[in-house]
Amino acid sequence: MIEHDVVIIGAGLAGMRCALEASKELDVAVLTKVYPSRSHSGAAQGGIAASLGNSEPDSWEEHMYDTVKGGDFLNDQDAVEEYVKAAPRIIYELEHMGCVFSRTPDGKIAQRKFGGHSKPRACFSADRTGHAILHALHEQLMKNAKSVKIYNEWYMHSLIIDGDRCNGVVVSNIQTGEVEVIRAKAVVFCTGGYGRVYKITSNAFASTADGVIAAFEVGIPLEDPEFVQFHPSGLFRQGILFSEAARGEGAYLLNGKGERFMENYAPSRMELAPRDIVSRAEQSEIDAGRGVNGEDCIHLDLPHLGEARILERLPQIRQLGIDFLGIDCITDPIPIQPTAHYSMGGIPVDKFCHVILDAEGTKMNGFFAAGECACVSVHGGNRLGTNSLLDAVVFGERAGKSVLEYARGKDFGNVNEGQEKTKVLEKFEDVFQRDGSESYKDIREDMKEIMMSHCGVFRDEKKLKVCIDTLKELQVRFKKGKVTDKGKIFNTEIYEIMELGNMLRMSEVIAEAALYRQESRGGHSRTDFPKRDDEKFLHHSMVYDSPDGFVIKTKPVVITKYPVTERTY
Ligand SMILES: Cc1cc2nc3c(=O)[nH]c(=O)nc-3n(C[C@H](O)[C@H](O)[C@H](O)COP(=O)(O)OP(=O)(O)OC[C@H]3O[C@@H](n4cnc5c(N)ncnc54)[C@H](O)[C@@H]3O)c2cc1C
């Protein structure tokens, strides 16, 4: 049995920042199924928010208000306040760690506009911000290699729970196929989002809900899973992100008639309204037959920004347009469509990143979560652009501090190594022995298709019920799949099947919660309940697993500074 004081699953921004903090005193393991610098955080383009006020006067209060209004008042405001207050310090710390930010002519950290933010607040490294931060943190971890061991290309299968305490995880080495138990005083999940359940998504292949479902399977509820963010500018048919930074720099959205249609949806903010509003506007134009050339896409127009500005500020996304669509945004508009991008919901945690089991805040001892897999909830019903990198770094650091506090002087808990290993080995065997007629690839595609068409930007009861029935059928088909590679060494097929199992489960949770929430708020839009209903639904949803199916309970929203008002832009 392997032993570490702390095991952190995930090496994105949240996992690495957590490791830096916890390794000040403890023996830390970071385990990740992809090499750390391949974590999805590295794909982040546009920026990281902080009220530095480098180009216009700004304050944490304004950052907080924008965040709460952007989240359609479902955010827990006590957590939001601490998070936006921490932002400037976090940015300067990253800078001192070696993260290279773009600059103003007088040498300050440059800040650009982003949707839903009333001030230019996004600190950026051209359009490769996630890459710059991820590499700076990775370097710091390497420097600390004495107290941090990184398990590269290892897969976490399940949590080890003893009553109200988490004592470790069961994992396997993807290279050798060996299953191992890691006993730890504290486990931290930083496993990222689950956008891969959708057909059109900006998310990396690794964003498959493994962590969230591992928690769900040991009785932890999932908070607000119905809130999935669709980003307005995914490359047409590909979903690959074309950063909001383009609109931040001044790009326009045009429908098939060449009209700047945002005038009709958010006249004061236009293209820089929050993402849920812009995505719905695009989808409405497409559904009304005003897409470009009658297709399911809209034009994002940049040529008026000029070649010099595009090359300086947006070089990566320009290249993405050329590589994936054959279109150069310096001369031509880019066809785009809404793409599944971010999960506002996730594993419920208190503001110290301790995983909780209910509305009363009962803790699962020794279990923490941070970053996109967790729901604090600072983003409420809709996250503003650039607030997520900030979330991952602020709460990654916090999780590290909480773990230090928790694990100091603690003993290891009880772990029955043989029993825990057997459970996972049986899961492997079960998949290996399947010799059915179904193709996992088809099941995956059918899942993505139904989630996109029936649980996407717009939802209603009829569609959601069809979606849930289809997912149940897919679960049956999943049991009758066929594995072609039966080897142990680098068997990526078997891991893809396990990820698919997690995604099918996650899809059901999203669709059930979407059916439950009979209102429209933030990223969750029901055409049969088009208004926000504060009387009935101003609460978080908490979805539990039970032998009789899903049970949905509620958790109050923490409102401190900003009372709930109508949300208009
Ligand atoms: C294309 C794109 C652009 C974005 N741009 C921005 C932006 O400009 N600004 C902003 O604020 N936000 C942006 N976001 C959102 C933001 O990047 C993410 O929310 C954030 O980086 C998530 O960080 P994380 O540390 O929680 O997880 P991730 O970076 O996703 O890392 C997850 C980690 O978990 C590991 N893992 C998962 N499952 C397992 C398992 N079973 N076993 C072992 N390891 C596992 C993975 O290997 C990985 O290391 C963007 C997102 C995308 C997709």
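This text goes with the structure placed above it.
Sequence order sets the numbering: in each chain, residues are counted from 1 along the sequence as written. Selection of residues for local features in this predicted model requires a pLDDT of at least 70, selection of side-chain atom pairs for listing and counting requires 80 or more, and totals for whole chains, interfaces and linings are taken over all residues. With hydrogens and water set aside, each side-chain value is computed from the structure's full complement of heavy atoms.

Caption draft 1: Representation of the overall build of the chain in the model. Starting at the N terminus, helices and strands are each numbered in turn, a helix being any DSSP run of H or I of at least four residues and a strand any DSSP run of E of at least two. The number of helices and strands found in the chain is 15 helices and 20 strands. Taking 2.2 N^0.38 as the reference for a compact globule, 569 residues should give roughly 25 Å; the C-alpha atoms of the chain span a radius of gyration of 22 Å, in line with that estimate. Across its three principal directions, the C-alpha atoms of the chain cover 65 × 55 × 50 Å. Categorising residues by exposure relies on relative accessible area from a 1.4 Å probe, with only protein chains included: less than 20% of the type maximum marks a residue as buried, more than 50% marks it as exposed, and the intermediate range marks it as partly exposed. Counting all 569 residues of the chain, 63% fall into the buried class. What makes two residues a contact is simply this: any of their non-hydrogen atoms within 4.5 Å. The contacts in the chain between residues at least 6 apart in sequence include a share of 74% that link residues at least 24 apart. With residues, only the protein chains shown are counted as cover, and all accessible areas are computed by Shrake-Rupley using a 1.4 Å probe. Counting every atom, the chain has about 20,900 Å² of accessible surface; 49% of that belongs to carbon and sulfur. The chain carries 69 positive and 84 negative side-chain charges, and their two centres are separated by 2 Å. For a compact globule the rule gives 2.2 Å times the number of residues to the power 0.38, and the radius of gyration it is set against comes from C-alpha atoms. Counted charges follow a simple rule, with Lys and Arg positive, Asp and Glu negative, and His plus the chain ends left uncounted. Working definition for charges: the position is that of NZ of Lys, CZ of Arg, CG of Asp or CD of Glu.

Caption draft 2: Structural context of the site of the ligand. Near the ligand there are 37 residues, and of these Ser39, His40, Ser41, Glu372 and Ser388 occur at the shortest range. Any pair of N or O atoms that falls within 3.5 Å is considered a polar contact. Within protein, one atom must be able to donate a hydrogen and the other to accept it, and sequence-neighbouring residues count only if both atoms are side-chain atoms. At 2.7 Å, a side-chain N or O of Thr32 approaches an oxygen atom of the ligand. With respect to the ligand, the side chain of Glu372 contributes an N or O atom lying 2.6 Å from an oxygen atom. Considering the ligand on its own, with 1,000 Å² of exposed area, one finds that the protein chains cover 98% of that surface. Contributing elements (two or more residues each) for the shell around the ligand: helix H1 (13–22), strand E2 (28–32), strand E7 (154–162), strand E14 (334–343) and helix H10 (387–407). Here a residue counts as near a molecule or strand whenever at least one of its heavy atoms sits within 4 Å of it.

Caption draft 3: The arrangement of the side chain of Glu512 in detail. Checked against the element boundaries, Glu512 lands in helix H14 (residues 492–516). In what follows, salt bridge is the name for a side-chain nitrogen of Lys or Arg lying within 4 Å of a carboxyl oxygen of Asp or Glu. Although Glu512 is buried, it makes no salt bridge; Lys472 carries the closest opposite charge, 4.3 Å away. For Glu512, the contacting residues outside a window of four places in its chain are Ile468, Lys472, Phe550 and Ile552.

Caption draft 4: Representation of the pattern of salt bridges in the model. Scanning the model with the defined rule gives 54 salt bridges in all. Of the charged contacts in the structure, one is a salt bridge between Asp72 and Arg532, with a shortest N-O distance of 2.7 Å. Pair noted here: Asp72 is in the loop between helix H2 (60–70) and helix H3 (77–97) and Arg532 is in the loop between H14 and helix H15 (534–537), with a separation of 460 residues, a long-range link. We classify Asp72 as buried; its relative accessible area is 6%. Of the residues examined, Arg532 reaches a relative accessible area of 22% and is grouped as partly exposed. The salt bridge involving Asp76 is made with Lys555; its shortest N-O contact spans 3.9 Å. Remark: Lys555 occurs in strand E20 (residues 551–556) and Asp76 occurs in the loop between H2 and H3; sequence separation between them is 479 residues. Within the structure, one salt-bridge network assembled from shared partners comprises Asp72, Asp224, Glu226, Asp276, Arg280, Arg517, Glu519, Arg521, Arg532, Asp534 and Arg567.

Caption draft 5: Up close: the environment of Ala145. Checked against the element boundaries, Ala145 lands in the loop between helix H4 (129–143) and strand E6 (148–152). Since its relative accessible area comes to 46%, Ala145 is described here as partly exposed. Linking Ala145 and Val28, residues 117 residues apart in sequence, is a C-alpha distance of 9.8 Å.

Caption draft 6: Examining the sheet that holds E20 more closely. We call two strands paired when DSSP finds no fewer than two bridges between them. Strand order in the open sheet formed by 3 strands is E10-E19-E20, and the pairing between neighbours is antiparallel. Edge positions in the sheet fall to strand E10 (222–223) and E20, since each of these pairs with one other strand and no more. Across 6 bridges, the pairing between strand E19 (residues 539–544) and E20 is antiparallel. Counterpart to His540 in the pairing with E20 is Lys555.

All we've got here are geometric facts, nothing functional implied.
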